[in-house]
Amino acid sequence: MSSHRKISGLFLFAFLAIFGFSSFLFAGTDEFEPSPFGFRIMEATSHMGASVQVPIIKEYGLDPIQQFRFCVRFETAYWVLDNVIAGPMFDIPGSLQWEYLDNSVDGDLIFIHGIADTGTFIHAPVTYTIPDGDTLCLLEFSPIIPEMYLSTSIDFFWKTCEDNTIMLGMTGSYGGTGISNHVFKYDTYYLTDISLLDYELPGEHGAPDVCFSDSDITRICDFYNGYLRNYPGHHFSDRGDINLNGLSYEIADWVMLTNYFLWGDSAFIHHVEQSRENSDVNADGILAGIEDDLYLVRVIMGEVLPYSEVFPHEQKTITFTHDFDTKTVSYDCDGELGAILLKFDGIIQPTLEIPGDDFLLIYDTINGNTNIIILPNWWDYHHGYDPDARINIDGPFLSYSGEGTLLYADAADYEDHTFMPSIAYINSTPSPPFGFAIGTLSGVGRGDHVSIPVYKTSGTAKIEGFDIKIGVASDQFEITDLTPGTLFDSLGEYQWEYCNYQIDQLECSDPICPMNTIRVTAISDMNDGDHHPLLQSVINGTVLFTIEATALGTGVPGDRDIPVSFLWTDCTDNAVAFGETGDSLALSEFVYDVEGTDITDPSYGVPGIYGAPESCLPTAPSTTVRFADFQNGNVHVFERPQTEIYVRIDTISAYLADTAINLDVYLDNPQDTIVGFSLLFRTEPSKPIYLGISPDDTTATLSYGTLTEDWEFISQVSPTGNYSDVRIVGLANSMPPFSNAIMPQENGLLIHLKLHIPVETFNPFDNWIKVNLAYTPEETEFADINGGIIGLDGQQFDTSTVFIENGLIKIEYRVCGDANINDVLDIGDAIYLINYIFRSGPAPLTPFLGDVDCDDRTNIVDVVELINIIFRNKIHGSCWPCY
């Protein structure tokens, strides 16, 4: 879990991104108190003269509504009304099934009338309560002059007192007719309350007091006006739509893109690739750059138009200087800047040294790194936004406390240059040497496929490339392939350009031979085009690549550890190009075995596994240095019994609040054809975990997608009656021929087990739960095609022919306050709780996830506590693991 130290402005923006930007930016009004109901005309944008649909939504309100009457005014000089489309509330069948929607047009006015129940007795609506955010109808417009840039308002309008009214239901808190209380209209970048109570109709200022004629009429409605835009020319279909809601260049898109620089790919939730694809806002061909964030600000502010297509941008150099003594960062660049992005290795607390209030510092720490963004203070409308503000400062623009090293820096300006950044260090202490390690794996059977990771474990200097060679005994492993790590993802955080490998066999007279070898060569920047990697300071713990191999394990029976070692056959093996220009070469300093024992021997020579020989070091002063450590790994291979039947219950992780835990059961039957089975599964009697999806649904097994999917008979019964045990009986066919039989095969998915855990009775400090398959002939048996019981030796199983591996479930817990269950405390949790408490949004999955202050309630106090934790560094004193 990362700590969050961001200014309250970012919280405001995330808040606005969820609840609607305009509804929370007000000017010229006293503190706004929302009315019981709110209705909004949304904003919409047409491109290339295409038609565009403008939704009218119910923004908020809990009570039932029987009817609504709206009057909307638009600019007939620029737009043509093509259609009025009923919202999903009028779908039959549907969730609401309202019965009637009609409209008429009088000049520049559109009159819309919706009725829940017409009283025909043919049909009745499902409900009169419209969920918040539901679309009541859509107004479809086309621009009259597609080549013209347009930005016009579309407003609620009052021709008579009947316009923009609702008829309330009989069972709610209010009755009779609801009329306007507040009316808000766009004024540059915010909404202004334009309500008047003493004017004469017609007008745009709401229902005047003359409409407030009897006690059945109540001022309980807020109306929010919208606007229409047209961008001429070609438009990249999704450019600027970072949050993938179908609308580009919104404040919510800026929030998500800005959060990406703080949190990485997790900010894009479950649509990382598409969000990155849409992030090239400044059309320079580089995805998700700080220059895109700045240009997105300018589009939202109306200062510039979106780019229609990618075109080359002029490149510009900038050098950032990190002074370790003064703990400051400065830059050297020809021209002025509009935004800066920094990434530090280490947890620091930065301070902005730019004079005035024109720029703002936003930062966060994640995985031991501090990410910093400096942006124009463009949302500070009331204190005077300066669209001409530039970063132009002699000396440091940033200072900090704490300890860290500047790993990455980038900048953006208002002239759309593409910056080529470099970093200089002064008064710095020596960087730690690079460290690389091969992973250790266990639970690998002979003949299994295995993926062996290779990590970077230490070092802070920039890496320009590496050349790594690894060897394994050829009678123990067959290397088949290589999977590049996240460094080489084309849409990832690093975007390195080159990775290649060569698989070979080393033949020699040395005791380490013969070996299967793999040589992996990587280069961060090929310098062959406009594309350049985003990051060359590789975070420690990063998987550089994964070796794909098959475990042979021949020669020695039983279980054994098989070494996987760094290998030196010449001086270029296991070398790292590093430094600001990449002209420094790091060779091995120390080599360690899997236990961490130093096995370095520079005198051994090549081929060898003990490091680069001394002869690889030049005698004259050189940029080739011993500056890298290597730790070998191994793979523990077990001798799988030569069984007729091998049943394996999976080992998985699950959150305690999961209502249905999916646990798979696998089968090897290398010799026999199986036509039936009886299996008795048991959970731990001391722990409340039950086979079945929930207490109300005792389905404990599913066969979809398994070997038994087409079997004619699958049944289950709980011998104890409480589903702490379940006997599952299956039969391929009711009679021969057994067309659905399981033919001899390995590692087939036999069935899915479904389990649930009652969170209210479970000990939250338990970590592991066992799921066992009973191991006696009366409880577990497999039938072959001849009707025999496989592996039965008299009255007992022959353990050499029937082997069962029981399962484990590791229980994970969430942090109290993680209401949106994304495994981090962030602004999304505060917004989730606000939606739940004030706007009838979905409740947290369990009450504990909303109970931040541990008082057994979820209320506004929990929201305040959560904000203090996220933004004010308050220690989270969680009273209980959250499910």
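Scroll up to find the structure this text is about.
Given the structure is predicted, the values throughout are model-derived calculations rather than measurements. Note on numbering: residues in each chain are counted from 1, in written sequence order. Local features in this predicted model are restricted to residues of pLDDT 70 or higher, and side-chain atom pairs are both shown and tallied only at a pLDDT of 80 or more, whereas totals for entire chains, interfaces and linings draw on every residue. Each side-chain value is derived from all of the structure's non-hydrogen atoms; neither hydrogens nor water enter the calculation.

(A) View of unusual backbone geometry. Backbone torsion omega between Leu-201 and Pro-202 reads 0°, so that peptide bond is classified as cis. Mapped onto the secondary structure, Pro-202 falls in the loop between strand S14 (190-193) and strand S15 (217-224). Going from Val-606 to Pro-607, the amide bond is cis rather than trans, its omega being -5°. In DSSP terms, a helix is any run of H or I states spanning at least four residues, a strand is any run of E spanning at least two, and both are numbered starting from the N terminus. If you trace the backbone, Pro-607 turns up in the loop between strand S36 (584-592) and strand S37 (624-631). Phi angles above zero are rare outside glycine, and Tyr-723 is one such case at about 60°. Within the secondary structure, Tyr-723 is located in the loop between strand S45 (713-717) and strand S46 (725-731).

(B) Seen up close, helix H5 (residues 827-838). Here a helix's expected span is defined as the number of its residues, less one, multiplied by 1.5 Å. Helix length check: H5, at twelve residues, gives a terminal C-alpha distance of 16 Å against a target of 16 Å (1.5 Å per residue), a fit within 8%. Any residue under 20% of the maximum accessible area for its type is buried, any over 50% is exposed, and the rest in between are partly exposed; the area is computed with a 1.4 Å probe on protein chains only. Residues of H5 that are buried include every one of Ile-827, Asp-829, Ala-830, Ile-831, Leu-833 and Ile-834, and no others. A positive phi of about 60° marks Ser-840, the residue just after H5.

(C) Highlighting the environment of Val-304. Examined against the element boundaries, Val-304 turns out to sit in the loop between helix H4 (290-300) and strand S17 (315-323). On the basis of relative accessible area, Val-304 is assigned to the buried category, the value being 18%. Excluding anything up to four places from it in sequence, Val-304 contacts Tyr-295, Arg-298 and Val-299. Here, residues are in contact when the closest pair of their heavy atoms is within 4.5 Å.

(D) Here's a closer look at the sheet that holds strand S23 (residues 398-402). A strand pair is defined by DSSP finding two or more bridges across the two strands. With mixed pairing, the five strands of this open sheet are ordered in space as S20-S23-S18-S17-S25. With partners counted over all chains shown, the strands left at the sheet margins are strand S20 (348-352) and strand S25 (418-426), one partner each. Here the average twist between neighbouring strands, direction ignored, is 25°. Across five bridges, S20 lies against S23 in antiparallel orientation. Counterpart to Ile-348 in the pairing with S23 is Gly-402. The angle between two axes is taken between their N-to-C directions and runs from 0 to 180 degrees, where each axis is a line fitted to C-alpha atoms and a helix contributes only its stretch in contact.

(E) Structural context of the state of the cysteines. Cysteine sulfurs are considered disulfide-paired once they come within 2.5 Å of each other. Going through the model one piece at a time under the given rule, you end up with two disulfides. Disulfide pairing places Cys-161 opposite Cys-211 at an S-S distance of 1.9 Å. The chirality of the disulfide connecting Cys-161 with Cys-211 is left-handed, given an S-S dihedral of about -75°. Of the two residues, Cys-161 is situated in the loop between strand S11 (150-156) and strand S12 (165-168) and Cys-211 in the loop between S14 and S15; the sequence distance between them amounts to 50 residues.

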